[in-house]
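# Architecture and fold: a report
These are the residues of each chain, in order.
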Amino acid sequence: MPPPSQIFPAKDLLSQVQIGPDGRKRKTADGRGIDLAKDCELLSLLQYECHVLHPGIRDSPVQCWPITRWFRRCQDMNGRFTVETTAWEGTAEAASGSTTSTPGAQSNHQVPTEQASKTSQRLVTAINHI
Amino acid sequence: MPPFRPPFSFNTIKSRLHIRFNTTKSSTTPNSTTPPKNPIFGHPFRTLIATAKLVAFTHLFIQYGFYTSPAAGPSMLPTMEVLGEWMLVSKWHRFGRGVSVGDVVVFNIPINDGHGVKRVLGLPGDYVLVNTPHSSASSLEEGVTEENRGEKAMMQIPKGHCWLVGDNMEASRDSRLYGPVPLALIRGKVVAKVRQHPWEFQWLRNPLDTLPEYSLEG
């Protein structure tokens, strides 16, 4: 069984990210805290929501709708770690975090949400299977 | 002057080269009663030893190298089909060694005896969404927001654990059901898949490794 873990809302991500898995503050090369928007590389991964189109019909096609999951890959003194920012990108918390640390970087956060909505409106796959 | 004697007699050459002739003379000799030496069946234990070596080498290869296994189930659609696909699993990545976020792994399911195939979304110290983010195709019911549906709940993966989620989130029982999975339950990493024919072999790429970096200037 995994040890009990704390669940926190995505709006607290900026403060939670400063703490490592050992419960101590993360150390960075320049001594500053982790800035998700400025220091961390933005990555994405597609997962899907698949539905059988006509469940009553044999060999009915399956349609999969994409769900874009966004990640930030950050670095501290112990190495790299990944932060899922799907629920954080484009929010007021992300915008306020970036304005305090990187002035003018607010537009960065608008990009993934636009991209996500474009991608998710597009039907990706229709699979015929048994 | 003594007669010329070659260094090896004909009999010596015959014995050195293991050449035997079926002659009436030789059949009467006591040596001819032993069966001819065969490279496979000549020694009584040779076959046994060769079989044991082959079994040991195969076991070593499967245990620490690679193995193939059929994949079944809808939880990894559309990455892996429901039926009829085989996967090549690297055992070097057992216990989560060298596994990174975005890889597909085979693991022992913590709540039953089976084994599953899921994608790694978080490693020790990483942060993940606990629940399912929904696509824009699924509309929220009236009065239900993303907040109270729990879509924005997050957690940090504890030490020695990982977060596994199937690609088809509608039909997958994974870490969203049973929480972080111990890295020690990972049997290996899926490096390739093959359908019915060998030429349908396809390497599985990690989308986080090969996706071009998103342009922040865009």
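Computed from a predicted model, the values in this text were never measured in an experiment.

Glancing now at the interface of chain A and chain B. Listed per partner, the contact involves 50 residues of chain A and 45 residues of chain B. For the chain A and chain B pair, buried surface summed over both sides reaches about 4,200 Å², with 64% attributable to carbon and sulfur atoms. The interface formed by chain A and chain B contains zero salt bridges. Inspection of the chain A/chain B interface yields 17 residue pairs in polar contact (both at pLDDT 80 or more). Top contributing element to the side of chain A that touches chain B by residue count: strand β2 (residues 41-52) of chain A, with 10 residues. Class assignment for the residues of the side of chain A that touches chain B results in 27 nonpolar, 16 polar and seven charged. With three bridges connecting them, strand β1 (residues 7-9) of chain A and strand β6 (residues 153-156) of chain B associate as antiparallel partners. Within β6 of chain B, the residue paired with Phe8 of chain A across the bridge is Met154 of chain B.

A separate point is the packing of aromatic side chains. With the rule as written, the count across this model stands at three aromatic pairs over all chains. Measuring from ring centre to ring centre gives 6.4 Å for Phe61 of chain B and Phe66 of chain B, while their planes differ by 45°; the resulting arrangement is tilted. Exposure remark for Phe61 of chain B: the relative accessible area of 44% places this residue in the partly exposed category. Phe66 of chain B sits in the partly exposed class, given a relative accessible area of 35%. Ring centres of Phe201 of chain B and Trp203 of chain B lie 5.0 Å apart, and the angle between their planes is 90°; on these two criteria the pair is classed as edge-to-face. Classification of Phe201 of chain B by relative accessible area gives partly exposed; the value is 38%. For Trp203 of chain B, a relative accessible area of 59% translates into the label exposed. The positively charged end of Arg26 of chain A is found above the aromatic ring belonging to Phe81 of chain A, 3.6 Å away from the centroid.

Residue and element names in this part refer to chain B. If you check UniProt for "active site" (unreviewed entry), the listed places come out as Ser75 and Lys118 in our numbering. Across 44 residues of sequence, these annotated residues stay compact in space, with a maximum C-alpha separation of 7.9 Å. Looking at the secondary structure, you find Ser75 in the loop between β1 (66-71) and β2 (85-90). Under the relative-accessibility criterion, Ser75 is labelled buried at 14%.

Rules of the game
- Position numbers for residues count from 1 along each chain, tracking the sequence in the order it is written.
- Lettering of chains starts at A and numbering of ligands starts at 1, both following the order in which they are written.
- Two thresholds apply to this predicted model, a pLDDT of at least 70 for residue-level local features and 80 or more for giving and counting side-chain atom pairs, whereas whole-chain, interface and lining totals are computed over all residues.
- The side-chain figures draw on all heavy atoms in the structure; neither hydrogens nor water molecules are used.
- It only takes one pair of heavy atoms within 4.5 Å for two residues to be counted as in contact.
- When two parts are brought into contact, each loses some accessible area as probed by a 1.4 Å sphere; the total of that loss over both is the buried area.
- By salt bridge we mean one thing: a side-chain nitrogen of Lys or Arg within 4 Å of a carboxyl oxygen of Asp or Glu.
- Nitrogen and oxygen atoms within 3.5 Å of one another constitute a polar contact, given that in protein one can donate a hydrogen and the other can accept it, and given that sequence-neighbouring residues count only through two side-chain atoms.
- In this description a helix means any DSSP run of H or I spanning at least four residues, a strand means any run of E spanning at least two, and both kinds are numbered starting from the N terminus.
- Any residue outside Ala, Val, Leu, Ile, Met, Phe, Trp, Tyr, Cys, Pro, Asp, Glu, Lys and Arg is labelled polar, Gly included; the first ten of those are nonpolar and the last four are charged.
- Whether two strands pair depends on DSSP finding at least two bridges between them.
- Pairing of aromatic side chains requires ring centres within 6.5 Å, counting the rings of Phe and Tyr and the six-membered ring of Trp. Pairs whose planes differ by under 30 degrees are stacked, by over 60 edge-to-face, and all others tilted.
- The buried label applies to any residue whose accessible area, calculated with a 1.4 Å probe on protein chains only, is under 20% of its type's maximum; exposed applies above 50%, and partly exposed to all values in between.
- A ring has a charge above it when a Lys NZ or an Arg CZ is no more than 6 Å from the ring centre and no more than 35 degrees off the ring normal.
- UniProt positions are given in the numbering used here, feature names are shortened, and annotations may be inferred rather than shown by experiment.

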